[in-house]
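This is what each chain is made of:
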Amino acid sequence: MSKVFFGDSRDLLSKIKPLSVDVTITSPPYFDMKDYGYPNQIGYGQDYNTYLNDIKKVFKNVYEVTKDTGSLWVIIDTFRRDGEVIPLPFDFAKQASEIGWKLQDIIIWKKDKTAPWSRKGVTKKIFEYILFFSKSPNFKYFSDRVREVKYLKEWWIRYPERYSPNGKSLEEIWEFSIPVQGAWGNSYIRHFCPLPEDLVRQIILLTTDEGDVVFDPFSGSGTVPAQAAFMKRKYYGFELNKNYIEMFNTYLNDNLEKKLVAYNTAKLSLEQTSFRNKIIGLRILKYIRVLSNNLKINGINILKIYAEQTNQKLTHRHDVASARYIMLCERQHLENEIVDDIKKMIKIRPLSGFGIKAEFVFIYDYNDFVKLLFDKKNIFSYSMNNTHQYISKLTKEDQIDKGFIFSSIELNINEELYKGLK
Ligand SMILES: C[S@@+](CC[C@H](N)C(=O)[O-])C[C@H]1O[C@@H](n2cnc3c(N)ncnc32)[C@H](O)[C@@H]1O
């Protein structure tokens, strides 16, 4: 399997089995604007109703070949005709719902290149619609895989417990620039309207697993099947222009191996890994800071704390990490007394919301505490009210005085750098 068929997607049932496709990602041919260069094509030379009916035929067949857990993503735009806007995305959505597709979301694809002109009644066009349909309510959707980590406000530094270590949930406006050429790159021929690779990648991540089947009934330059192959998915495509298919096959042959290597190494982007580690580190350190403040209110004074991340099995759904806290306590507070208070405190907000599975150890001898710190390598000291930027890396015993929390977790986040980011 995995093939782009040379043929008319109105006949797709002749090649693709019912209930075999996981996701369809496509941009249908434009209405009466582009001549792709063959007879009987959808769009060019047709009247609007015939065009809509032809499109409907294709998406009815797509519905038949889609699994119950599958989805459909259509990138589509309005256009102007005879002095008015024709709302194609909305006309299309109505037809799709008549077929049985359930509209789940309308996403705006914001392109960075805009036509450098505007005229009376027409603003600059900078977006297209992405319509997202499912076949049933139990469609596949993995939102955690596509969170954004770049544009978080600086808030995450002081409130790490409010931010998922995976980043911010996807918003309904997606920004991707229009590629200058199709999937084949410079050395291959150009296509009129290739989709951005990253946009396709995002949808594939969001709605499929490795081995799933991705389909594009209007493959064009082959961005959708190519990305599917690069991400270890199977694919089907249909295209009426033989040249495009030949180009796509050559491109795939030349690039598959290296793209698969890249996919395997970049599964979790570096950026995401480091953001995740930061959020987890921030949470572990803030957790003990909040806890010791609460204990103080109850009359229990913790003198110093050592905190480290551990590898315990996480048992609660919202847990993100496990940690061990070694607390240097005043002799008058018995361990039982402290443990009782801690048990109560960690069951309720804010501590219950940190997702930290914590283990506590109590020591009463300052020298034991110092020995413990210097037995470890790379210890950083933090103050009582800032656990996102360390005071110093511990090298001499006299530095212990200044710190309150000590940890192998290294956080040196300059809040100023994140100010003003939305
Ligand atoms: C808007 S383009 C798709 C671009 C594509 N998403 C990409 O990334 O390159 C539409 C494509 O549909 C093809 N097409 C038009 N009518 C078709 C039909 N009935 N069956 C299959 N392909 C068709 C055109 O040749 C054109 O390449």
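All figures in this text were calculated on a predicted structure; none of them were measured in a lab. (Residues numbered from 1 in each chain as written. Predicted model: local features only at pLDDT ≥ 70, side-chain atom pairs only at ≥ 80, totals over all residues. Heavy atoms only, no water.)

**Student:** Sorry if this is basic, but what is going on with the overall build of the protein here?
**Tutor:** When helices and strands are counted, the protein shows nine helices and 16 strands. The buried share of the protein, taken over its 422 residues, is 50%. A fraction of 72% describes how many contacts in the protein between residues 6 or more apart in sequence connect residues 24 or more apart. Summing over all exposed atoms, the protein offers an accessible surface of approximately 21,600 Å²; the carbon and sulfur share of this is 50%. (Helix = DSSP H or I, 4+ residues; strand = E, 2+ residues; numbered from the N terminus. Buried < 20%, exposed > 50% of the residue type's maximum accessible area, 1.4 Å probe, protein only. Contact = heavy atoms within 4.5 Å. Areas by Shrake-Rupley, 256 points an atom, 1.4 Å probe, with all protein chains shown as cover.)

**Student:** How should the pairing of strand β7 (residues 127–134) be read in this particular structure?
**Tutor:** A regular strand places its side chains so that they alternate between the two faces of the sheet. The element β7 is largely enclosed, with a buried count of seven among its eight residues. With six bridges connecting them, strand β3 (residues 66–76) and β7 associate as antiparallel partners. Residue pairing in the sheet places Ile75 in a bridge with Ile130 of β7. Judged from the eight bridges that link them, strand β6 (residues 102–110) and β7 form a sheet pairing that is antiparallel. Within the sheet, the bridge partner assigned to Trp109 lies in β7 and is Glu128. (Pairing = 2+ DSSP bridges.)

**Student:** Explanation requested: the sheet that holds strand β13 (residues 356–363) in the structure shown.
**Tutor:** Strands in a sheet are paired, the pairing made by backbone hydrogen bonds, and the direction either parallel or antiparallel. One open sheet holds the six strands; their spatial order is β13-β12-β11-β16-β14-β15, and the pairing between them is mixed. Unpaired on one side and paired on the other, β13 and β15 (392–393) mark the two borders of the sheet. Bridge count for strand β11 (residues 302–310) against strand β16 (residues 405–407) is three bridges, and the pairing is parallel. Residue pairing in the sheet places Ala307 in a bridge with Ser407 of β16. On the sheet, helix α8 (residues 335–347) packs against β12 (321–329) and β13 and is oriented at approximately 165° with respect to β13. The strands touched by helix α9 (residues 366–375) are β11, β12, β13 and β16; relative to β11, the strand with the most contacts, the crossing angle is about 30°. (Axes fitted to C-alpha atoms, helices over the stretch in contact; angles between N-to-C directions.)

**Student:** How should helix α1 (residues 48–65) be read in this particular structure?
**Tutor:** With 18 residues, α1 should cover 26 Å at 1.5 Å per step; its first-to-last C-alpha distance of 26 Å lies within 8% of that length. Within the sequence span of α1, burial applies to Tyr48, Tyr51, Leu52, Asp54, Ile55, Val58, Phe59, Asn61, Val62, Tyr63 and Val65. Each element contacted by the buried residues of α1 is listed here: β2 (21–26), β3, β4 (79–81), β5 (84–86), α2 (88–99) and β9 (213–216). With a side-chain oxygen positioned 3.0 Å from the backbone nitrogen of Asn49, the residue opening α1 is Asp47. (Expected span 1.5 Å × (residues − 1). Polar contact = N/O pair within 3.5 Å; in protein donor to acceptor, adjacent residues only side chain to side chain.)

**Student:** Mind showing me how you'd approach the pattern of salt bridges here?
**Tutor:** Pairing is possible between side chains of opposite charge, provided their charged atoms come close. Within the structure shown, the criterion is met by 18 salt bridges. The closest approach of N and O atoms between Asp22 and Lys67, which form a salt bridge, is 3.0 Å. Of this pair, Asp22 sits in strand β2 while Lys67 is found in strand β3, placing the two residues 45 residues apart along the sequence. A salt bridge links Lys57 to Asp54, with the nearest nitrogen and oxygen atoms 3.4 Å apart. Here Asp54 and Lys57 lie together in helix α1, a separation of three residues that amounts to about one turn. Using a relative accessible area of 5% as the deciding quantity, one classes Asp54 as buried. Among the ionic contacts, a cluster of salt bridges with common partners joins Asp8, Arg10, Asp54 and Lys57. (Salt bridge = Lys/Arg side-chain N within 4 Å of Asp/Glu carboxyl O.)

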